[in-house]
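Reading the structure
Here is what each chain is made of, one letter per residue.
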Amino acid sequence: MTKPIPEVSPNTWSFLRDAMIKPTGFREYDARWKYPEEINLPGMTALGLGLGTQMRRRGIEPVVAVANDYRDYSLAIKNALILGLMQAGIHVKDIGPAVSPMAYFSQFHLDVPAVAMVTASHNPNGWTGVKMGFDRPLTHGPDEMSELRDIVLNGEGAQHAGGSYEFVDGVKEAYLDDLVGDFKMSRPLKVVCATGNGTASAFGPELFERIGVEVVPSHNELDYTFPHYNPNPEAMEMLHDMSDSVKASGADFALGFDGDGDRCGVVDDEGEEIFADKVGVIMARDLSKIYPNATFVADVKSTGLFAADPVLQKNGVTADYWKTGHSHMKRRVKEIGALAGFEKSGHYFLAEPIGRGYDCGMRVAVEICKLMDRNPDMKMSDLRKALPKTWSTPTMSPHAADTEKYEILERLVQKLVAKHEAGDTFAGRAIKEVVTVNGARVILDNGSWGLVRASSNTPNLVVVCESSQSEAEMRAIFADIDAVIRTEPGVGDYDQTI
């Protein structure tokens, strides 16, 4: 194949003929572009040819399950991708529209080695991308992504005979059956199901009804214009809407799902948003009673409670803090045999015997309902209040160009490490250590911390702070970390701040 070009003007002869792919779309563990500004349909076909070529180079059986999320352009993009996969001689099993975890499930259900899910995840309309993997339940990490990028951008995609296509029906039903199993609630439970008109709208309400949960609908009509808000349970806009629904309906709690259904957010019976890492601690407490001495992986954006919580310590839990990102976390959970992985963004990876190790917002929803069933006298707010109190910021994202953000981060890490080495204080306290596994997590002598890292899939840095002492200390940590960030002129405004 000829090499794709990085830019083509829309509404030109070349735009409809030549593959255009902006190189920055190949990210650490996702492939994601603005469509059609950064990738066109011939570019997506070139990506499919490259992915098929990568499978053949690695000696993987040439069969792939393919699906798409519910956006108006996703079907066209999936068809362009399929064309490229077939050019590479791959047999494509198209399972139709799906949430990402349904696509991951299909690898097991159909016993196929590879998956390619066309989705922009929680990004707003105008974005597209592909989540892909060869070694279930894993998805491409940095090594696989850079190999794929080189194949595609260097024009190394190789045509091969034998490509074919089949549409496979019934996967959605099998996925829901798998999620439900033989579980039925024994206590009454009323839950706001918030799907923001995204793909999870086709799954959430039916799933809850099947396990005996009373559903309070919230934007459950499929509508790819996202008329109310972009479905992202990490965004305060969605969480506040969920909170209003809980208060208006008297529900026991609200569960909210992102655009492709691999994440779940929680608002309790008092209308309080519980950040996903704290929900992870609540789940870890419950699971470690059933599975003592379990290992849990948490990403570096997550609360320090996985290591510090006395209940988890009593249950013999080992906490492992690892790199943020669904591919990194999935891999780590599998590598060290953890029972589960929890990411602050709401990606949870529940491994055997609970789940299959991939991130599934629907599986998390079922497990939260089971947790409530095992604790019949507890409300969600009781479980929240039982945790040691910490004060944490939401995930805050100052703008930094994709082409500059990693170099900016490298300098910020050096500056923060230098502060530690010089014996400087942070928020008036001694710095205990700076963990640099993924950006810089500055940990103070009382366990409070502040983190800066680069976003893997959008043009920005990511900042999170948590205090074990007070809101004032949390704000002081943010002020000190932001002061260092502001020494970099390439960093712009925050999307949200405290």
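Residues numbered from 1 in each chain as written. Predicted model: local features only at pLDDT ≥ 70, side-chain atom pairs only at ≥ 80, totals over all residues. Heavy atoms only, no water.

Looking at an unreviewed UniProt entry, one finds the protein named Phosphomannomutase/phosphoglucomutase and attributed to Phaeobacter gallaeciensis. Taken directly from UniProt, the Sequence similarities (unreviewed entry) text for the protein runs: "Belongs to the phosphohexose mutase family." If you open the UniProt record of the protein and go to Cofactor (unreviewed entry), you find "Mg(2+)". (UniProt positions renumbered as here; feature names shortened; annotations may be inferred.)

1. Description of helix α8 (residues 236-249)
Helix length check: α8 (14 residues) gives 20 Å between terminal C-alpha atoms against 20 Å at 1.5 Å per residue, within 8%. Inspection of α8 places Met236, Met238, Leu239, Met242, Ser243, Ser245, Val246 and Ser249 among the buried residues, and these make up the whole buried set. Of the surrounding elements, those touching the buried residues of α8 are β7 (190-194), β8 (214-218), β9 (253-257), β10 (264-267) and β11 (273-274). Backbone geometry just downstream of α8 places glycine 250 in the positive-phi region, at approximately 65 degrees. (Helix = DSSP H or I, 4+ residues; strand = E, 2+ residues; numbered from the N terminus. Expected span 1.5 Å × (residues − 1). Buried < 20%, exposed > 50% of the residue type's maximum accessible area, 1.4 Å probe, protein only. Contact = heavy atoms within 4.5 Å.)

2. Looking at the sheet that holds strand β21 (residues 461-467)
Read from one edge of the open sheet, six strands run β16-β21-β20-β19-β18-β17, paired in antiparallel fashion. Strands with a single pairing partner mark the edges of an open sheet, and in this sheet they are β16 (391-392) and β17 (425-426). Alignment of β17 against strand β18 (residues 429-435), held across two bridges, turns out to be antiparallel. Within β18, the position partnered with phenylalanine 426 by the bridge is arginine 429. Across the face of the sheet, helix α16 (residues 471-485) comes into contact with β16, β17, β18, β19 (440-444), β20 (449-454) and β21 while running at roughly 150 degrees to β21. (Pairing = 2+ DSSP bridges. Axes fitted to C-alpha atoms, helices over the stretch in contact; angles between N-to-C directions.)

3. Considerations on the UniProt feature "domain: Alpha-D-phosphohexomutase alpha/beta/alpha" (unreviewed entry) in the protein
Mapped onto the present numbering, the UniProt feature "domain: Alpha-D-phosphohexomutase alpha/beta/alpha" (unreviewed entry) falls on residues 25-155, 174-271 and 277-389. Between the C-alpha atoms that bound residues 277-389 the distance is 13 Å, and the span itself is 48% helix and 14% strand.

4. As for a negative patch on the surface
A surface patch of negative charge is lined by Asp169, Glu173, Glu206 and Glu209. When you line up the elements, glutamate 173 lands in helix α6 (residues 171-180). Judged by relative accessible area, which is 46%, glutamate 173 ranks as partly exposed. (Patch = residues over 30% accessible without salt bridge, like charges linked within 9 Å, V, L, I, M, F, W, Y side chains within 5 Å. Areas by Shrake-Rupley, 256 points an atom, 1.4 Å probe, with all protein chains shown as cover. Salt bridge = Lys/Arg side-chain N within 4 Å of Asp/Glu carboxyl O. Lys, Arg positive; Asp, Glu negative; His and termini not counted. Charge placed at Lys NZ, Arg CZ, Asp CG, Glu CD.)

5. A word on the layout of surface pockets
There is about 790 Å³ of room inside the largest pocket. Within the residue set of the lining of the largest pocket, elements represented by two or more residues are β5 (127-133) and α8. Residue classes in the lining of the largest pocket are distributed as ten nonpolar, 19 polar and eleven charged. Around the second largest pocket, the lining comprises 17 residues; the ones closest to its centre are Glu272, Glu273, Lys278, Lys389 and Thr390. Residue assignment for the lining of the second largest pocket shows that the elements contributing at least two residues are β11, α14 (380-385), β16 and α16. Among the residues making up the lining of the second largest pocket, the classes are represented as eight nonpolar, two polar and seven charged. (1 Å grid on protein atoms, 1.4 Å probe; cavity = no way out; pocket = protein on both sides within 12 Å on 5 of 7 lines; lining within 4 Å. Points joined across faces, edges and corners; volume = space filled by probe spheres on them. Nonpolar A, V, L, I, M, F, W, Y, C, P; charged D, E, K, R; others polar.)

6. Thoughts on empty space enclosed by the protein
What the rule picks out here adds up to one cavity of 30 Å³ or more. Of the pockets and cavities examined, the largest cavity occupies roughly 110 Å³. Together, 13 residues line the largest cavity, and Pro233, Glu234, Phe275, Ala276 and Lys344 are the ones closest to its centre. Looking at the lining of the largest cavity, its residues break down into seven nonpolar, four polar and two charged.

7. Focus: the pairing of β10
Alternating residues of β10 divide into Cys264 and Val266 and Gly265 and Val267, and every residue in both groups is buried. With four bridges joining them, β9 and β10 adopt antiparallel strand pairing. Bridged to phenylalanine 257 within β10 is cysteine 264. Of the strand pairs in this sheet, β10 and β11 are connected by two bridges, and their pairing is antiparallel. Bridging from a neighbouring strand, valine 267 pairs with glutamate 273 of β11. Taking the residues that link successive antiparallel strands as the turn, the β10-β11 hairpin has five residues, and the phi of glycine 271 there is positive, at about 80 degrees.

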